[in-house]
Amino acid sequence: KLTLKDRQRDYLDADDQSTADSLSSLRTNLSRNVEALTAAGLRVIIMLTPPEFPYEIHRCILTKPAAQCGVSRQRYEQYRAAVSAVIREVAAGRSAVRVVDPASYFCTATECPAFVETNPASYDDDHASASAARAYAKVLSADFDWLLQR
């Protein structure tokens, strides 16, 4: 079984000249990979990107209140909109492909705070912390069960 993350740069081509070119490369290469995996009888989970923060959280909380170290949900959604749309398009209509969106775990309706429950959301500005990832994995248990079914 294989899980793909939307931040993998393998889906972009070095000669892409524009954002549109990059999105086209993502669509083409992700489609090719998903098709090969599903044709081999595998199920695929693609996880959209978790929030990226303007600051490394551990540094931010040294100088600011934790409430000022998050990112607005609107900014996060705008940042990932184009790539997320391509991923959802590639996955659409494929029963062996699921897209999981960490926004519902990491964010409220208006913000993506620096801490989720008691866990720092990331260990730098754009990678989920180990504690947040472990907690989020519990939320994904049904998806992982589905991934492993035959």
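Trainee: Sorry, what's going on with helix 6 (residues 141-148) here?
Mentor: The periodicity of an α-helix, 3.6 residues per turn, causes residues three or four positions apart to be oriented the same way. Along helix 6, the residues that are buried comprise D143, W146 and L147. One side of helix 6 holds all its buried residues, which, seen down the axis, span an arc of 100°. Facing away from the buried side of helix 6 by more than 90 degrees, the exposed set consists of A142 and L148.

Trainee: Would you take a moment to explain the confidence of the model for the chain for this structure?
Mentor: Low-confidence regions, as indicated by low pLDDT, have predicted coordinates that should not be scrutinised in detail. Taken as a whole, the chain shows an average pLDDT of 88; of its residues, 89% reach a score of 70 or greater. Between residues 6-11, whose pLDDT stays under 50, and residues either more than four places distant or in other chains, the model counts 15 contacts.

Trainee: How should the pattern of salt bridges be read in this particular structure?
Mentor: Pairing is possible between side chains of opposite charge, provided their charged atoms come close. Inspection of every chain in the model, using the stated rule, returns eight salt bridges. Taking the shortest distance from any N to any O, the salt bridge between E77 and R80 comes out at 3.1 Å. Highlighted residues: E77 and R80, both in helix 3 (residues 73-91), separated by three residues, approximately one helical turn. Assessed through its relative accessible area of 4%, R80 is described here as buried. Close ionic contact of D101 with R88 constitutes a salt bridge, the shortest N to O distance being 3.1 Å. On the criterion of sequence distance, the pair formed by D101 in the loop between strand 4 (97-100) and helix 4 (103-106) and R88 in helix 3 is long-range, its members being 13 residues apart. By sharing partners, the salt bridges in this structure join R73, E77, R80, R88 and D101 into a single network.

Rules behind the numbers
- Residues numbered from 1 in each chain as written.
- Predicted model: local features only at pLDDT ≥ 70, side-chain atom pairs only at ≥ 80, totals over all residues.
- Heavy atoms only, no water.
- Buried < 20%, exposed > 50% of the residue type's maximum accessible area, 1.4 Å probe, protein only.
- Helix = DSSP H or I, 4+ residues; strand = E, 2+ residues; numbered from the N terminus.
- Arc of directions from axis to C-beta.
- pLDDT = per-residue confidence, 0-100.
- Contact = heavy atoms within 4.5 Å.
- Salt bridge = Lys/Arg side-chain N within 4 Å of Asp/Glu carboxyl O.

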